[in-house]
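Chain by chain, the residues:
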Amino acid sequence: MNLFLFDDDTVPLPPITTSQAVQRVLSVFDALSRGLGPAPLVRLRCREDVLVDAKAVDERVRLGERLPLVGTLVAAPDEPVVVGRLAQAGAVVAGHTVPGSPSPGSEARVETLSKLDALLVTEPPAGCRGVVGFVPTRGLLPTSDSGVTTVLARDAAVAQQVAAAVTGPDPRAGSRGFSRHWPESVRLSAGEHPRVGVPDRPFLAALAPMDAARLLATADTLRVAGALTNEVELSGGGADGICRRRAAHALQHHDAILLPLGSGACSLSRLVTRLDTAAMLLPLRFDGGVGLLTKPFDDQVVLDLAGLLTGSQAPRPYPDVGVRLIAFGSFLRGQPRAVDLERVGARFTGFATTSRHYRLMLLEQDPPEAGVVPARGAAEGGPLLGEEWLLAPAALGEFVAHLPAPMRLGTVDLADGTSSLAILCDPAAARHGADLTAWECWRAYLRHLSAVRPAAVRAGS
């Protein structure tokens, strides 16, 4: 059973569409005037000022500007840098959050976001009911002196998009707080089988039976989705410093750690303020929640894991940077060498078809694989289906450094008229191989083999 599918006890407003910012603001303020909010931790701005901002968004849309947060209503700290970046992305700042709220021990509820789409607060809540919380790596968002910022939203995709809009160097970092940049080797995906640490039995025994059962049920859901889980020792015998050290040690060997929310010494809500990490806070069907803790700058890893649990995934990674690479043959997902791409944090983003100027050749290797080489003309080649991956610049360099012969990095022209880096093959190594171009894809040829081999065995018996 998926514990993350539940009925909200409020009726959400219609989704945002183009040129509806003003209508949305009017609807929200009308609802607020009838006593349906806001939450205590939000201080609303003047209605007329918010409407002016909404009209400006609608005008930008009318002029053809593409805005990632068009019409999204948010509440954020009263910081010019944060408010300016949200407005630049098309969000409408309806109010300001009170610094320090919700503090550890309080709970973020669905009523908090019954009318607004997202809140930026300076402390992670101790529990979530109907909302998710995304805690980016400390220093990426210039929102508080403490350096710990949480984006609360109805789903993980909205939380990620709001965080992405605010992410960037803090111009105040010279005098207060600090600012950090994404490393060039940042991971853009959790991969097909992320490793998740689950608290061991002594840790679970210290929890309320229902909380422990929910944590184990969440681990089961992750395993069904493809994650690899194993127990990690986290109990500290009441000394929260030991728990912090053990959690940090466990993160060195796992992509993330699954933890309960709450205000205890080893709860995620408290650890995330004391360790250099990124995290996701996820609601359960009833009160309470669970969280996923990951290493700094592995923000997309924890977002992918949240997507496995909630079904909410933003269309672009966080950060939205990288180099496009087209893979063929044994580098396709599920094939032997796909792990080389996952090892460097590459992200699968879709399929790509080449122009008719390439050939797919069978390489005489053990196990056999295929390579793509240029054709002498369109008549000798054909469109080939490959997979598009996104890699951080440094990750691409690491991948190419370990690229086995006879593979090499090259450029292919795609059917849509663009070109991209691709994994090609040395033509000399493919000279005597069988031409598989007619199959258009290595997987299609493998399916053909799986169909004809049993028939050949039966014919020979």
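If you're wondering where the values come from, they're calculated on a predicted model, not measured in any experiment.

1. So, the overall build of the protein chain
If you tally the helices and strands in the protein chain, you get twelve helices and 20 strands. Put simply, the protein chain has 461 residues, and 52% of those count as buried. Here the analysis covers contacts within the protein chain between residues at least 6 apart in sequence; of these, 68% occur between residues at least 24 apart. Accessible surface, the protein chain: about 20,200 Å² in total, of which carbon and sulfur atoms supply 54%.

2. Quick notes on the sheet that holds strand β18 (residues 385–391)
Taken in spatial order, the five strands line up as β15-β18-β14-β20-β19 in an open sheet, and their pairing is mixed. Two strands lie at the open edges of the sheet, namely β15 (347–353) and β19 (407–413), each paired on one side alone. Taken over all neighbouring pairs, the strand axes of this sheet differ in orientation by 35° on average, direction set aside. With five bridges connecting them, strand β14 (residues 323–327) and β18 associate as antiparallel partners. Residue pairing in the sheet places I326 in a bridge with E388 of β18.

3. A few points about the pairing of strand β12 (residues 278–283)
Where burial is concerned, most of β12 is hidden: six out of the six residues are buried. Residue alternation in β12 divides its side chains into two sets, A278, M280 and L282 and A279, L281 and P283, and both sets are buried. Bridge count for strand β7 (residues 132–135) against β12 is three bridges, and the pairing is antiparallel. Its bridge partner lying in β12, V135 is registered against A279.

4. Let's talk about helix α9 (residues 299–310)
Two residues of an α-helix separated by three or four positions point the same way, owing to the 3.6 residues in each turn. For α9, with twelve residues, the first-to-last C-alpha span of 16 Å sits near the 16 Å given by 1.5 Å per residue. Of all the twelve residues making up α9, ten are buried; the element is thus mostly covered by neighbouring parts of the structure. G311 sits one or two positions beyond α9 and adopts a positive phi of about 80°.

5. A look at the sheet that holds strand β11 (residues 256–260)
Within the open sheet, the eleven strands sit side by side as β1-β3-β2-β5-β8-β7-β12-β13-β11-β9-β10. Their pairing is mixed. Both edges of this open sheet fall to β1 (42–44) and β10 (228–232), since each of them pairs with a single strand only. Adjacent strand axes in the sheet meet at a mean angle of 25° when their direction is disregarded. Alignment of strand β9 (residues 195–199) against β10, held across five bridges, turns out to be parallel. Across the sheet, residue G197 finds its bridge partner in β10, namely N230. Contacts between helix α6 (residues 209–224) and the sheet are confined to β9, β10, β11 and β13 (289–294), with β11 contributing the most and set at about 150° to the helix. Along the sheet, α9 makes contact with β7, β9, β11, β12 and β13, crossing β12 at roughly 15°.

6. Here we look at the packing of aromatic side chains
Taken as a whole, this structure holds eight aromatic pairs when the rule is applied. Measuring from ring centre to ring centre gives 5.9 Å for F331 and F399, while their planes differ by 80°; the resulting arrangement is edge-to-face. Note that F331 is positioned in the loop between β14 and α10 (338–343) and F399 in helix α11 (residues 393–401), a separation of 68 residues in sequence. This pair shows no difference in class: F331 is buried, exactly as F399 is. Pairwise contacts between aromatic rings join F134, W182, F297 and Y318 into one cluster. Of note, R333 hangs over the ring of F348, and the distance from its end group to the ring centre comes to 3.6 Å.

7. A closer look at the confidence of the model for the protein chain
For the protein chain, mean pLDDT is 84; residues scoring 70 or higher make up 83% of the total. Note on residues 455–461: pLDDT under 50 across the span, and zero contacts to partners over four residues away in sequence or across chains.

8. Some remarks on unusual backbone geometry
Cis geometry marks the peptide bond from Y318 to P319; its omega dihedral reads 10°. Summarising the element assignment, P319 is placed in the loop between α9 and β14. Along the chain, A405 connects to P406 via a cis peptide bond; the corresponding omega equals 10°. Structurally, P406 can be placed in the loop between α11 and β19. Not every positive phi belongs to a glycine, and F297 is a case in point at roughly 75°. With respect to the helices and strands, the residue F297 is situated in the loop between β13 and α9. When its relative accessible area of 14% is taken as the criterion, F297 is described as buried. One non-glycine residue with positive phi stands out, namely E440, at about 70°. Locating E440 in the fold gives a position in the loop between β20 (419–425) and α12 (442–460).

Definitions and cut-offs
- Residues numbered from 1 in each chain as written.
- Predicted model: local features only at pLDDT ≥ 70, side-chain atom pairs only at ≥ 80, totals over all residues.
- Heavy atoms only, no water.
- Helix = DSSP H or I, 4+ residues; strand = E, 2+ residues; numbered from the N terminus.
- Buried < 20%, exposed > 50% of the residue type's maximum accessible area, 1.4 Å probe, protein only.
- Contact = heavy atoms within 4.5 Å.
- Areas by Shrake-Rupley, 256 points an atom, 1.4 Å probe, with all protein chains shown as cover.
- Pairing = 2+ DSSP bridges.
- Axes fitted to C-alpha atoms, helices over the stretch in contact; angles between N-to-C directions.
- Expected span 1.5 Å × (residues − 1).
- Phe/Tyr/Trp six-rings, centres within 6.5 Å; stacked < 30°, edge-to-face > 60°.
- Lys NZ or Arg CZ within 6 Å of the ring centre and 35° of its normal.
- pLDDT = per-residue confidence, 0-100.

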